[in-house]
Amino acid sequence: MKHLPKHLRPRWRYLAVGIEAWPDAAIGRRAFQRALWYSAGNLLGDAGSADAGLKLLSFSFSSGAGEAVVRVRRGHVPEARAAIGCVSEVDGDPVGIRVRGVSGTVRACEERYMGRAAASSTQRDVAFEDAERSAVVRGDARDVRTESGYVGAAAFDIE
């Protein structure tokens, strides 16, 4: 079977995606890909999601923070961004997703928009709601463990 000439091959764009969740969330590659496909199918329909061709190329997630590279057909980037933005949970764990940028090659996407260095997080005891509680601190984000799960807090909320 012959290869297609270059002018007939599909053109792709690569989206750098940042993922945030609670520190105890366990999000896997397959679950994230399934959530992307489900979101695209619901928003764009079967034909629209097939045209966009969302595919997860790389994925890393640990201790509440992660990143991914999503491949999409050129010309369907706005629809793909909307579908990615509609993902609110993966396997029952609530997630926050942000498209960091769009690139024409995987290498440029990783160099420009992906830190590849894992965000450092520290475990601290903080005063929250008049009690001593355990919290995970990642940069400006503070996730305080309560009886019902985690609560996102700002620096002035905890002492």
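Remember, it's a predicted structure, so these values are computed and weren't measured experimentally.

Here we come to the overall build of the protein chain. Along the backbone of the protein chain there are three helices and nine strands. Sequence-ordered secondary structure for the protein chain, helices as α and strands as β, is β-α-β-β-α-β-β-α-β-β-β-β. Overall, the C-alpha framework of the protein chain stretches about 70 × 30 × 25 Å when taken along its three principal axes. Here the protein chain holds 159 residues, and the buried ones make up 39% of them. The long-range fraction of contacts in the protein chain, counting pairs at least 24 apart against all pairs at least 6 apart in sequence, stands at 60%. Here the protein chain has roughly 9600 Å² of accessible surface; of this, 49% comes from carbon and sulfur atoms.

Further remarks concern the packing of aromatic side chains. Inspection of every chain in the model, using the stated rule, returns two aromatic pairs. Its end group placed over the ring of Trp12, Arg71 keeps NZ or CZ at 3.7 Å from the ring centre.

Quick look at the pairing of strand β2 (residues 55–62) now. The pairing of β2 with strand β3 (residues 65–73) spans seven bridges and is antiparallel. When the bridges of β3 are listed, Leu56 appears paired with Val70. Counting the residues in the hairpin turn of β2 and β3 gives two residues, including Ser63, whose phi is positive at 45 degrees.

We now examine the side chain of Gln33. On the secondary structure map, Gln33 appears in helix α1 (residues 29–52). Note on Gln33: relative accessible area 10%, which makes it buried. A distance of 2.8 Å separates a polar side-chain atom of Gln33 from the backbone nitrogen of Leu56. Not counting residues up to four positions away in its chain, the partners in contact with Gln33 are Leu54, Lys55 and Leu56.

With respect to the helices and strands, the residue Gly101 is situated in strand β5 (residues 93–103). A residue is classified by how much of its surface remains accessible, and Gly101, at 7% relative accessible area, is buried. Along the sequence, Gly101 and Trp12 sit 89 residues apart, while their C-alpha atoms lie 14 Å from each other.

All right, on to the sheet that holds β3 then. Strand order in this open sheet of five strands is β2-β3-β1-β5-β4, and the pairing throughout is antiparallel. Both outer strands of the open sheet, β2 and β4 (89–90), are each paired with one neighbouring strand and no more.

Close contact between α1 and helix α2 (residues 77–85) brings their axes to 8 Å; oriented N to C, the two are set at 115 degrees. Read as a crossing pair, α1 and α2 show a hand that is right-handed. Seen from α1, the contacting residues are Leu36, Ser39, Ala40, Leu43 and Leu44; seen from α2, they are Glu79, Ala82, Ala83 and Ile84.

Another aspect to go through is the domain arrangement of the protein chain. Taken domain by domain, the protein chain holds domain 1 (10–113) and domain 2 (121–158). A C-alpha centroid distance of 28 Å is found between domain 1 and domain 2. Of the residues lining the interface, seven residues belong to domain 1; the matching set on domain 2 comes to eight residues. Both sides together, the interface formed by domain 1 and domain 2 hides about 560 Å², and carbon and sulfur atoms give 57% of it. Inspection of the domain 1/domain 2 interface yields zero salt bridges. The interface formed by domain 1 and domain 2 holds zero residue pairs in polar contact (both at pLDDT 80 or more) in total. Residues belonging to the side of domain 1 that touches domain 2 are distributed by class as follows: four nonpolar, two polar and one charged.

Conventions adopted
- Residues numbered from 1 in each chain as written.
- Predicted model: local features only at pLDDT ≥ 70, side-chain atom pairs only at ≥ 80, totals over all residues.
- Heavy atoms only, no water.
- Helix = DSSP H or I, 4+ residues; strand = E, 2+ residues; numbered from the N terminus.
- Buried < 20%, exposed > 50% of the residue type's maximum accessible area, 1.4 Å probe, protein only.
- Contact = heavy atoms within 4.5 Å.
- Areas by Shrake-Rupley, 256 points an atom, 1.4 Å probe, with all protein chains shown as cover.
- Phe/Tyr/Trp six-rings, centres within 6.5 Å; stacked < 30°, edge-to-face > 60°.
- Lys NZ or Arg CZ within 6 Å of the ring centre and 35° of its normal.
- Pairing = 2+ DSSP bridges.
- Polar contact = N/O pair within 3.5 Å; in protein donor to acceptor, adjacent residues only side chain to side chain.
- Axes fitted to C-alpha atoms, helices over the stretch in contact; angles between N-to-C directions.
- Left-handed = near helix turned anticlockwise from the far one by under 90°.
- Domains from an automatic or database assignment.
- Buried area = accessible area lost by both parts, 1.4 Å probe.
- Salt bridge = Lys/Arg side-chain N within 4 Å of Asp/Glu carboxyl O.
- Nonpolar A, V, L, I, M, F, W, Y, C, P; charged D, E, K, R; others polar.

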